[in-house]
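Residue strings, one per chain:
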Amino acid sequence: MSHFPPLSQLQQPDAFLRRHLGPDPAEQQAMLETLGLADRDELVVQTVPPAIRLNRPLDLPPALDEEGALAKLRAHAQRNEVWTSLIGMGYHGTLTPAVILRNVLENPGWYTAYTPYQPEIAQGRLEALLNFQQMTIDLTGLELASASLLDEATAAAEAMALARRVAKARSNLFFADQNCHPQTLSVVRTRAEAFGFELVVDAVENLPSHQVFGALLQYPDTHGEIRDLRPLIDHLHGQQALACVAADLLGLLLLTPPGELGADVVFGSAQRFGVPMGYGGPHAAFFATRDEFKRAMPGRIIGVSKDARGNLALRMALQTREQHIRREKANSNICTAQVLLANIAGFYAVYHGPQGLKRIAQRVHRLTAILAEGLARKDMQRVNQHYFDTLTLEVGGSQTAIIESAKAARINLRILGRGRLGLSLDETSSAATVEQLWSIFLGADHGLSVDELDAGVLVPGIPATLARESAYLEHPVFNTHHSETEMLRYLKQLENKDLALNQSMIPLGSCTMKLNATSEMIPITWPEFAAIHPFAPLEQAQGYQAMIAELEEWLRAITGFDAICMQPNSGAQGEYAGLLAIRKYHESRGEAHRTICLIPASAHGTNPASAQMASMRVVIVECDKAGNVDLDDLKAKAAEAGAQLSCLMATYPSTHGVYEEGIREICEVIHAQGGQVYMDGANLNAQVGLARPADIGADVSHMNLHKTFCIPHGGGGPGMGPIGVRAHLAPFVANHPVIELKGPNPENGAVSAAPWGSASILPISWMYIAMMGPQLADATELAILNANYLAKRLGEAYPVLYTGRNERVAHECILDLRPLKAETGISEEDVAKRLMDYGFHAPTMSFPVPGTLMVEPTESESKHELDRFIEAMLGIRAEIAKVQAGEWPAEDNPLKRAPHTLADVVGIWERPYSIEQAVTPTAHTRAHKYWPTVNRVDNVYGDRNLFCACVPLEDYRE
Ligand SMILES: *Cc1c(COP(=O)(O)O)cnc(C)c1O
């Protein structure tokens, strides 16, 4: 007789679920009691409108435990074949320095941070991004750089849009060199069509015959040719048009930077600076322009400012350019970008330094020169006269034989029409690669020797007039951290400045900062996922294809849609892609005049910004006192739009954190007028397993995989924003010019550079769904429980602005600080900054309602952590009471002075409150103090004195 239970009782069907959810059953029970509820069912019944309830389990395979899911995904990965990809086209082999791989890419201190909107607790990643900007400025030869766009192709489209904003030329025509990468041309074509620009794609020789507002050139071009751009740029300037140049970052170490040639915008991919190809991404795009165009710049810019003590402090600059403030007048719809990857590229430059980078570039170029010389000696014709790392060869009738022998060597070449083949060498290429290529192109008896050619004088690949002479990366940060010990400590110092999910909860409403489980993250750096070129033949990517197909199937089951488009690499890109599908659908029915897009006043800024990019006319629908879409106003505006109504963009649950009862009716009103419903899916975390967008009435919706489906926020990216569509829209979603996708019309253009967007982070969402299965609904219920618990516990101190049925909120709630501000002068910002002293990241500030804080705890936070947050918020409320009572002066109190730093406490302390009150207001902070590294940052000063590059060391010392 044994007193151990039998095996059947020792299985753990919810092995991962228990890890993903914060509160255990006892904590859940305690929270339900606080809410006066018997069980979770009762909470859901009270909260979710019955009309939208999905009353059956999600049709997903049963949950696997962590090992089981990893084993299944491993089997997929092993079906990918890692060949040597010399395809080029903007994607190259690279070596991620191990110290960066482990301490940044694989480190939650970096990957779980949020966008640095709260700069006092984000100085580490802000410095890393400033390095990236400095690197961009140095290598492009321009004055001002942004902190990453989504990819090279969308950066090209942003350059075109910037050109239209600032060029004095009146023309509506944009020119693109036909020798740009095909995916770049496709994305630019899509964007031009949507904006209503005319686009000419032609040989650059024909540029002078057009009157344009700007032109896209590529340096080196897609075939590797390097041409002197000066005459073309001069010609463009003569027409008051802008020159936008796509450039290769590694090539810029040896080539005269386009900025010095007169280019107005220079951009490209930073992938080959240490970021794996990952079957298309994520990678950061760099983007630089002239200082005079700073207000026209798309995306985030990091700038230098000062804090309340006058010390140097970094923060995001000129935010008034962008969607969250300017909405449909914004420069771009960019929200989530590619921060983690920009950081990695910047660190790659920090670690190698200028000499190290130059050596890498020279080595790649030297190998290419040796290869080229050998081929030339054997009379192989080359298309491009000059080159950095890319050769395009005329092989005529031998094409098939060469491709076959490349296959035998597991090498991917670029296959071009008319008997041409291309190849690009990279950091991972060696002398052996060159010898292999000779054998492939010339036969095994080529008789050439790398050593012999290397010893001789070679015809230069780079024209003498375009050899780089200017210095770069002279700033100390690029000349200090070259030993691994130094680098390790630099990374750790920056990491320590920042508050990420590995320190405390980040209750940012609308952002869903949930657990990013380690098991979800592990597969992304497996070589079978990381080292695949996006344009590798499909036979080599069968594992990716199987994984993506499965993920699509699961997302269809979760959302109810008929088809998924995996291309958009952020939520905002998804909006844009979805609106384009709607536009094309209307056009296909002869209703191109449907251009009005209704958007509730409470919408996220990306909604109107995306609508504007699709040339839609934005009409705002008001919200009623309860925060819901004002149905009467909606009906009136839909009727008024009538046959011109294109669509409605609605977020569900609403950005006000409630399940609007009227959502079905809202959809019906739109459909009755022949319009389409775009559902902003950022709040899908409150629907999964309980309701489905397509069942509710949505025609298309994006899913922020970096919110609901566990891709970490990376300090402001990467993300993925695939869209789900109903069958009638499926033919109209994005396709791709290089790898044709099954389903959408082949003539549809691309919205992103890569066919499946940032494919290498899809394993994260795959793992999450595989490990949760139908129990995903539990996560949703817990997200609702946690939010309602917070709303209940905090509601007395800070009124909850909007509630739905039975006074319940959805998965987040808005705390109204306006009454307190009116009474005491303490603002939502003061509370946000004060939370830092308590060791917390602030909730979302002033979105969607100015003067409020929006709190989203997610399902992954335990009751213990929620209680700690409640303790902080109530502690702060008590502090506000003291200001209110006149105990502390209105301007000299822990709130107005927040956050507090070491600099505050080591000096003379002459404040009406104690040091302890200032920096260790709770038991937790006494035991685990997190120190903000700067005092409150002065945004106005930074924007007035815009400075967006690394500060020389001398200035730090001052
Ligand atoms: C996050 C968010 C978006 C934008 O998504 P990104 O991935 O950042 O581009 C759009 N709408 C809402 C409501 C959001 O919360």
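Residues numbered from 1 in each chain as written. Predicted model: local features only at pLDDT ≥ 70, side-chain atom pairs only at ≥ 80, totals over all residues. Heavy atoms only, no water.

Per an unreviewed UniProt entry, the protein goes by the name Glycine dehydrogenase (decarboxylating) and belongs to Pseudomonas tohonis. The protein has a UniProt comment under Sequence similarities (unreviewed entry) that states "Belongs to the GcvP family." Quoted verbatim from the Catalytic activity (unreviewed entry) field of UniProt, the annotation for the protein is "N(6)-[(R)-lipoyl]-L-lysyl-[glycine-cleavage complex H protein] + glycine + H(+) = N(6)-[(R)-S(8)-aminomethyldihydrolipoyl]-L-lysyl-[glycine-cleavage complex H protein] + CO2". (UniProt positions renumbered as here; feature names shortened; annotations may be inferred.)

Engineer: Would you mind showing me how to read the packing of helix 7 (residues 123–140) against helix 13 (residues 339–377) here?
Structural biologist: Relative orientation and spacing of two packed helices are given, respectively, by the angle between their axes and the distance between those axes. For the pair helix 7 and helix 13, interaxial distance at closest approach is 8 Å and the crossing angle is 65 degrees. As summarised for this structure, helix 7 and helix 13 are arranged roughly perpendicular, according to the angle between their axes. Handedness of the helix 7/helix 13 crossing: left-handed. Judged by residue contacts, R125, A128, L129, N131, F132 and M135 of helix 7 engage V339, A342, N343, A345, G346, F347, A349 and V350 from helix 13. (Axes fitted to C-alpha atoms, helices over the stretch in contact; angles between N-to-C directions. Helix = DSSP H or I, 4+ residues; strand = E, 2+ residues; numbered from the N terminus. Parallel < 35°, antiparallel > 145°, perpendicular 65-115°, else oblique. Left-handed = near helix turned anticlockwise from the far one by under 90°. Contact = heavy atoms within 4.5 Å.)

Engineer: Honestly, the sheet that holds strand 6 (residues 242–247) in this entry has me stumped. Any pointers?
Structural biologist: In sheet architecture, strand pairing relies on hydrogen bonds along the backbone and comes in two forms, parallel and antiparallel. The seven strands are arranged 2-8-7-6-5-3-4 in an open sheet whose pairing can be described as mixed. Because the sheet does not close on itself, it has two edges, and the strands there are strand 2 (144–145) and strand 4 (198–202). Examined bridge by bridge, strand 2 and strand 8 (residues 285–289) share two bridges and lie antiparallel to one another. Along strand 8, the bridge assignment pairs A145 with A288. (Pairing = 2+ DSSP bridges.)

Engineer: Even after reading the chapter, I still don't get unusual backbone geometry, so can you show me in this structure?
Structural biologist: Excluding glycine, residues mostly carry a negative phi; peptide bonds, for their part, are mostly trans. Following G281, the chain continues to P282 via a peptide bond in cis, the omega torsion being 10 degrees. Cis rather than trans, the peptide bond between A898 and P899 has omega equal to -5 degrees. Secondary-structure assignment places P899 in the loop between helix 30 (863–884) and helix 31 (902–906). Positive phi is not limited to glycine here, since E807 has a value of about 60 degrees. Residue placement: E807 occurs in the loop between helix 27 (776–794) and strand 23 (813–816). One non-glycine residue, T858, lies in positive phi territory at about 65 degrees. Position of T858 among the secondary structure elements: in the loop between strand 25 (852–855) and helix 30.

Engineer: What am I meant to see in the pairing of strand 25 here?
Structural biologist: Side chains on a regular strand alternate between the two faces of the sheet. Taking every second residue as pointing to the same face, both faces of strand 25 are buried, with T852 and M854 on one and L853 and V855 on the other. As paired strands, strand 23 and strand 25 are joined by four bridges and run antiparallel to one another. If you follow D816 over to strand 25, its bridge partner there is T852. Between the end of strand 24 (residues 844–845) and the start of strand 25, which pair antiparallel, lie six residues, with S846 showing a positive phi angle near 60 degrees. (Buried < 20%, exposed > 50% of the residue type's maximum accessible area, 1.4 Å probe, protein only.)

Engineer: When you look at the UniProt feature "modified residue: N6-(pyridoxal phosphate)lysine" (unreviewed entry) in the protein in this model, what are you seeing that I'm missing?
Structural biologist: In this structure's numbering, the residues bearing the UniProt feature "modified residue: N6-(pyridoxal phosphate)lysine" (unreviewed entry) are K707. Mapped onto the fold, K707 is located in the loop between strand 21 (700–702) and strand 22 (723–725). The class for K707 is buried, based on a relative accessible area of 11%. Filtering out sequence-adjacent residues up to four positions away, K707 remains in contact with S510, C511, T512, K514, A682 and H713.

Engineer: Would you explain the domain arrangement of the protein in this entry?
Structural biologist: Interface size is often expressed as the accessible area that is lost when the parts come together. One can read the domain layout of the protein as domain 1 (16–81 + 505–917) and domain 2 (116–273 + 280–297 + 332–344). The partner domain 2 presents 32 residues to the 48 residues of domain 1 that form the contact. Buried area between domain 1 and domain 2, summed over both chains or domains, comes out near 3000 Å², and the portion from carbon and sulfur atoms is 58%. Here domain 1 and domain 2 share two salt bridges between them. The partner of K833 in a salt bridge is E120, with the nearest N and O atoms 2.9 Å apart. Our count for the contact surface shared by domain 1 and domain 2 stands at 16 residue pairs in polar contact (both at pLDDT 80 or more). Considering every element that reaches the side of domain 1 that touches domain 2, the biggest residue donor is helix 21 (residues 571–588), with six residues. Classifying every residue of the side of domain 1 that touches domain 2 gives 24 nonpolar, 21 polar and three charged. (Domains from an automatic or database assignment. Buried area = accessible area lost by both parts, 1.4 Å probe. Salt bridge = Lys/Arg side-chain N within 4 Å of Asp/Glu carboxyl O. Polar contact = N/O pair within 3.5 Å; in protein donor to acceptor, adjacent residues only side chain to side chain. Nonpolar A, V, L, I, M, F, W, Y, C, P; charged D, E, K, R; others polar.)

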